[in-house]
Amino acid sequence: MHKLIDESMKYHITAPFHLKEEIILPSSKSISNRVLIINNLSDFPKHIDNISVCDDTNVMINALTKNQHDINIKAAGTAMRFLTAYFACMKGKWILTGTERMKNRPIKILVDALCKAGACIEYVEKEGFPPLRIKGQTLMGGEVVLDGSVSSQYISALLLMAPIMTNGLRLHLKGEIISKPYIRLTINLMRRYGVIVYEDNQIFTVPPQQYSCVNNFSVEPDWSSASYWYEMVALSRDEDAEVKLPGLRQDSLQGDSNIVQLFDLLGVNTTFTSSGAVLSKCKPTARKPFVYDFVSMPDMAQTAAVTCCMLNIPFMFSGLQSLKIKETDRLEALKTELLKLGFPLYIHEDKILAWLGKRIKSEDFPVINTYEDHRMAMSFTPVSLILNEGLFISNPKVVSKSYPKFWNDIKSSGFKIDITD
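Keep in mind it's a predicted model, so treat the numbers as computed, not measured.

### What to know about empty space enclosed by the protein
Per the counting criterion, the structure on display carries three cavities of 30 Å³ or more. Of the pockets and cavities examined, the largest cavity occupies roughly 340 Å³. In terms of lining, the largest cavity is formed by 27 residues, of which the most central are Lys 29, Thr 78, Gln 153, Asp 299 and Lys 326. For the lining of the largest cavity, the elements supplying multiple residues, two or more each, are helix H1 (29–41), helix H3 (77–88), helix H5 (152–161) and helix H11 (374–380). The element best represented in the lining of the largest cavity is H1, accounting for four residues. One number sums up the size of the second largest cavity: a volume of about 50 Å³. Counted by class, the lining of the second largest cavity contains three nonpolar, five polar and two charged residues.

### A short note on the sheet that holds strand S6 (residues 120–123)
On the basis of which strands lie adjacent, the open sheet formed by four strands has the order S4-S5-S7-S6 and mixed pairing. The open sheet has two free edges, formed respectively by strand S4 (70–72) and S6, since each of these has just one partner strand. Each strand of the sheet is rotated relative to its neighbour by a mean of 20°, with strand direction disregarded. Pairing of S6 with strand S7 (residues 132–136), which is carried by four bridges, proceeds in the antiparallel orientation. Directly across from Glu 122, in S7, lies its bridge partner Arg 133. Each of S6 and S7 touches helix H4 (residues 108–116); the most contacted strand, S6, lies at about 150° to it.

### Things to note about the packing of helix H2 (residues 55–65) against H3
With their axes 10 Å apart at the nearest point, H2 and H3 run at an angle of 15° to one another. One element, H2, and the other, H3, form an angle in the roughly parallel class. Considering only the axes of H2 and H3, their crossing is right-handed. Seen from H2, the contacting residues are Val 59, Met 60, Ala 63 and Leu 64; seen from H3, they are Ala 79, Phe 82, Leu 83, Tyr 86 and Phe 87. Class assignment of the residues belonging to the contact of H2 with H3 gives a composition of nine nonpolar, no polar and no charged.

### Considering H1
An ideal rise of 1.5 Å per residue puts 18 Å on 13 residues; H1 measures up with 18 Å between its terminal C-alpha atoms. Residues of H1 that are buried include every one of Lys 29, Ser 30, Ile 31, Ser 32, Asn 33, Arg 34, Val 35, Leu 36, Ile 37, Ile 38, Asn 39 and Leu 41, and no others.

### Considering the packing of aromatic side chains
Given two aromatic rings, one states the distance between the centres and the angle between the planes to describe the pair. Scanning the entire structure with this criterion turns up 16 aromatic pairs. Between Trp 223 and Phe 272, the aromatic rings sit 6.3 Å apart at their centres with planes inclined by 55°, giving tilted as the arrangement. Of this pair, Trp 223 sits in helix H7 (residues 223–235) while Phe 272 sits in strand S14 (residues 268–272), and the two are 49 residues apart along the sequence. Residue Trp 223 is classed as buried on the basis of its relative accessible area of 0%. On the basis of relative accessibility, which here comes to 24%, the residue Phe 272 falls in the partly exposed class. Ring centres of Phe 315 and Phe 317 lie 4.3 Å apart, and the angle between their planes is 20°; this geometry places the pair in the stacked category. Across the pair, Phe 317 and Phe 315 agree in class, each one buried.

### A few points about the layout of surface pockets
Put simply, the largest pocket is a space of about 260 Å³. Residue lining of the largest pocket: 15 residues in total, with Asp 55, Ala 75, Val 398, Ser 400 and Lys 401 positioned closest to the centre. Residue composition of the lining of the largest pocket, by class: five nonpolar, three polar and seven charged.

### Describing the nonpolar core
Core analysis: the biggest nonpolar cluster contains 71 residues, and Trp 229, Phe 290, Phe 294, Phe 315, Phe 317, Leu 338 and Phe 380 have the highest contact counts within it. Once residues within four sequence positions are removed from consideration, Leu 338 is found in contact with Ala 305, Val 306, Cys 309, Phe 343, Leu 345 and Phe 380. One finds Ile 73, Phe 87, Leu 114 and Val 197 within the second-largest nonpolar core, a separate group that totals 67 residues.

### Notes on the sheet that holds strand S13 (residues 242–246)
Overall, mixed pairing links the four strands, which are arranged S2-S13-S15-S14 in an open sheet. The strands lining the two open edges of the sheet, one partner per strand, are strand S2 (20–22) and S14. When strand polarity is set aside, the average angle formed by the axes of neighbouring strands in this sheet is 15°. Where S2 lies against S13, three bridges are found, and the strand directions are parallel.

About the criteria used
- Residues numbered from 1 in each chain as written.
- Predicted model: local features only at pLDDT ≥ 70, side-chain atom pairs only at ≥ 80, totals over all residues.
- Heavy atoms only, no water.
- 1 Å grid on protein atoms, 1.4 Å probe; cavity = no way out; pocket = protein on both sides within 12 Å on 5 of 7 lines; lining within 4 Å.
- Points joined across faces, edges and corners; volume = space filled by probe spheres on them.
- Helix = DSSP H or I, 4+ residues; strand = E, 2+ residues; numbered from the N terminus.
- Nonpolar A, V, L, I, M, F, W, Y, C, P; charged D, E, K, R; others polar.
- Pairing = 2+ DSSP bridges.
- Axes fitted to C-alpha atoms, helices over the stretch in contact; angles between N-to-C directions.
- Contact = heavy atoms within 4.5 Å.
- Parallel < 35°, antiparallel > 145°, perpendicular 65-115°, else oblique.
- Left-handed = near helix turned anticlockwise from the far one by under 90°.
- Expected span 1.5 Å × (residues − 1).
- Buried < 20%, exposed > 50% of the residue type's maximum accessible area, 1.4 Å probe, protein only.
- Phe/Tyr/Trp six-rings, centres within 6.5 Å; stacked < 30°, edge-to-face > 60°.
- Core = buried A, V, L, I, M, F, W, Y, C linked by side-chain atoms within 4.5 Å.

See below:
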């Protein structure tokens, strides 16, 4: 893997015909980032096994272990949300900043909720956006109302810190709640560390209490990273294609494990064994147009959209309102890059993405821009299985945000990668 890659550098990827591989997936950064906060707040913090080694988790570890007051979380959105809540509850003064894109990702909803609970947070530059100046102190907590339709990370950030608030927290969520499985993941991990969380419809009550230590906690492999191997199998022209993913569990805490059902419709069968999951090809059964609501797993929309286009399955995906505030505006990025491949997409009300089946001439040598978004790079890479001349991916280093060994795993699976500029 080439660790130092110039922004202008591109990978030219050509795919093998046969696909038969066993891939050791990275650990879940969603679990890692939550457990790092919880473990740090527990009565006797313990070593966490199999912690993620990706950029986003490294940022969290550095912020929690190094005595720094100016903290650059770079492009790590989860870290920005979780650490804003964490440092608001810790005595001291901090400034949280990040990349230019991070400085344009809204955080006002979370800041307002924390201030309602007693936090002291100021905006350093632009109202409603990072960088943030935080004067940490014990928060009173109490009753807080939050819009649940923008980002589940705001909700998780508040819930994680709720036990150490003087009065605990009674969190009322209004509107449609997006990414519910991530909230469920947060609550399940809190309970694993001994915390009581009461749920009543869209009201979550967390009394003041102490997290208890957990011995031998081990982080699961990442289901989000698994999705790109599902896409590989779906797009492979090898009818005997097979990918083994050790460690994946059918009863996973991760919401993105629902890709099992999603890709069953898109031509991938999953068999669970004692060692993990085995992916193999089956006949796609998705109706045309394929209608699917991604409100519970919006991070999988890029993978599904590219897969459907390359399988010639028109689609209409809803529940995508959070994609505009991710690492990039993922709706516009998908529309722009899939047009290069001959697929004109439509965006409706910033939450629906559709391809109606119309094709136009594709570019002769398409270069897929990644927009500093790891999921753009990884979701488009399997397209090389379809294109005889392969595919160009610009700024390929972005995968280190969640899956640092992605290109190594691609090469070990028989793909050829040539560096161009």
